[in-house]
Amino acid sequence: MSAEIKPEVKKISFEEIKKHSDRSSNWIVINNDVFDVTEFLDKHPGGEEVLIEQAGQEATEAFEDVGHSSDARAMMEQYKIGTLVDSERKPDLPKKSDPEWKESSGSSDVSWKSWIVPIAFGFVATVIYRLYFMS
Ligand code: HEM
């Protein structure tokens, strides 16, 4: 019986990442993780050019701006080679795919009020009509 040893996540600095900044070796940084996308260049649905533009540098903003799907995020895992050294990490950016309704709590209250007013108005109009015209 052999216990499975989880390999340590490799810590990589920008000094190292910068050396992999073209088509022959292309590393990019997204949300503090480092990806070797060299093999992925010709498979990327968004084309290789955008990845080559980001090669050897921070690509979080460009990646999030596109609004990549959860499939794309799952796909990234296979290209991950490590994570940024602690001194070069940035606070995580909010993911664009987070649902926006999370921030707007209380909106259901507003919609409830928007239909109770016409209903009350209709009720009052009916009562007045009955009092004056049906007696
Ligand atoms: C390991 C990193 C990446 C993976 C696994 C990945 C994967 C994908 C996938 C699967 C799609 C198809 C659409 C979707 O499912 O969202 C896509 C589209 C795209 N990606 Fe990436 N991507 C990566 C990095 C990047 C970066 C760094 C950029 C920088 C600009 C980028 C720009 C685009 C663009 C422009 C599209 C086309 C969007 C469209 O046609 O609507 N991607 N990517």
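Every value quoted in this text rests on a predicted model; they were computed, and no experiment measured them.

On to the pattern of salt bridges. Summed over all chains, the structure comprises six salt bridges. With a shortest N-O distance of 2.5 Å, Arg23 and Glu48 are connected by a salt bridge. With Arg23 in the loop between strand E2 (21-22) and strand E3 (25-30) and Glu48 in helix H2 (residues 48-54), the pair connects residues that are 25 residues apart, well separated along the chain. Salt-bridge contacts for Lys80 lead to Asp33; the nearest nitrogen and oxygen are separated by 3.4 Å. Taken together, the positions of Lys80 in strand E6 (residues 80-84) and Asp33 in strand E4 (residues 33-36) put the pair 47 residues apart, joining distant regions of the chain. Through salt bridges with shared partners, a single network forms among Arg23, Glu48 and Glu49.

The next point concerns the coordination of the iron atom of the ligand. Within the first shell, the iron atom of the ligand binds the protein through His44 (NE2) and His68 (NE2), at distances of 2.0 Å. What the six donor atoms of the iron atom of the ligand show is an angle range of 85 to 179° at the metal, which sorts the shape as octahedral. Taken as a pair, His44 in the loop between E4 and H2 and His68 in the loop between helix H3 (60-66) and helix H4 (70-76) lie far apart in primary sequence, 24 residues in all. Taken individually, His44 and His68 each receive the classification buried, so the pair is uniform in this respect.

Turning our eyes to something else, we now look at the environment of Val66. With respect to the helices and strands, Val66 occurs in helix H3. For the pair Val66 and Gly46, spaced 20 residues apart in sequence, the C-alpha to C-alpha distance is 9.4 Å.

The pLDDT averaged across the protein chain works out to 86; a share of 79% of its residues lies at or above 70. When the elements of the protein chain are averaged for pLDDT, helix H5 (residues 107-133) gives the smallest value, 80, and E4 the largest, 98.

Attention now moves to the nonpolar core. Ile28, Ile30, Phe35, Val37, Phe40, Leu41, Leu51, Ile52, Ala59, Phe63, Met76 and Tyr79 together form the largest nonpolar core, which totals 12 residues. When contributions to this core are tallied by element, the ones reaching two or more residues are E3 and H2. Residue contacts for Leu51: discarding those within four places in its chain leaves Asn26, Ile28, Val37, Phe40, Leu41 and His44. Grouped together as the second largest cluster of nonpolar side chains are six residues, Ile12, Ile17, Trp27 and Val29 included.

Two strands pair when backbone bridges link them, and strand E1 (residues 11-12) and E6 are joined in this way by two bridges, in the parallel orientation. If you follow Ile12 over to E6, its bridge partner there is Leu84. Here three bridges tie E4 to E6, and the two strands are oriented antiparallel to one another. In the sheet register, Asp33 faces E6, and the bridge partner there is Thr83.

Calculation criteria
- By convention here, each chain's residues receive numbers from 1 onward along its written sequence.
- With the structure being a predicted model, the display of local features is reserved for residues of pLDDT at least 70 and the display and counting of side-chain atom pairs for 80 or more, all residues being used for whole-chain, interface and lining totals.
- Heavy atoms from the whole structure form the basis of all side-chain values; hydrogens and water molecules are not counted.
- Whenever Lys or Arg places a side-chain nitrogen within 4 Å of a carboxyl oxygen from Asp or Glu, that contact is recorded as a salt bridge.
- The way it works is that DSSP assigns letters per residue, a run of H or I at least four long becomes a helix, a run of E at least two long becomes a strand, and they are numbered from the N terminus.
- Because no water is among the atoms considered, metal sites can look incomplete, with donors defined as N, O and S atoms within 2.8 Å of the metal, or 3.2 Å for Na, K and Ca.
- By the criteria applied here, four donors are tetrahedral when all angles lie between 85 and 135 degrees, four are square planar and six octahedral when opposite donors are over 155 degrees apart and every other angle lies between 65 and 115, and any other arrangement is irregular.
- Only protein chains enter the area calculation, which uses a 1.4 Å probe; residues under 20% of their type maximum are buried, those over 50% are exposed, and those in between are partly exposed.
- Within a predicted model, pLDDT stands for the predictor's per-residue confidence, ranging from 0 to 100.
- For this analysis, a nonpolar core means a set of buried residues of the types Ala, Val, Leu, Ile, Met, Phe, Trp, Tyr and Cys, connected via side-chain atoms within 4.5 Å.
- In what follows, residue pairs with any heavy atoms lying within 4.5 Å of each other are defined as contacts.
- One requirement defines pairing of two strands: DSSP has to find at least two bridges between them.

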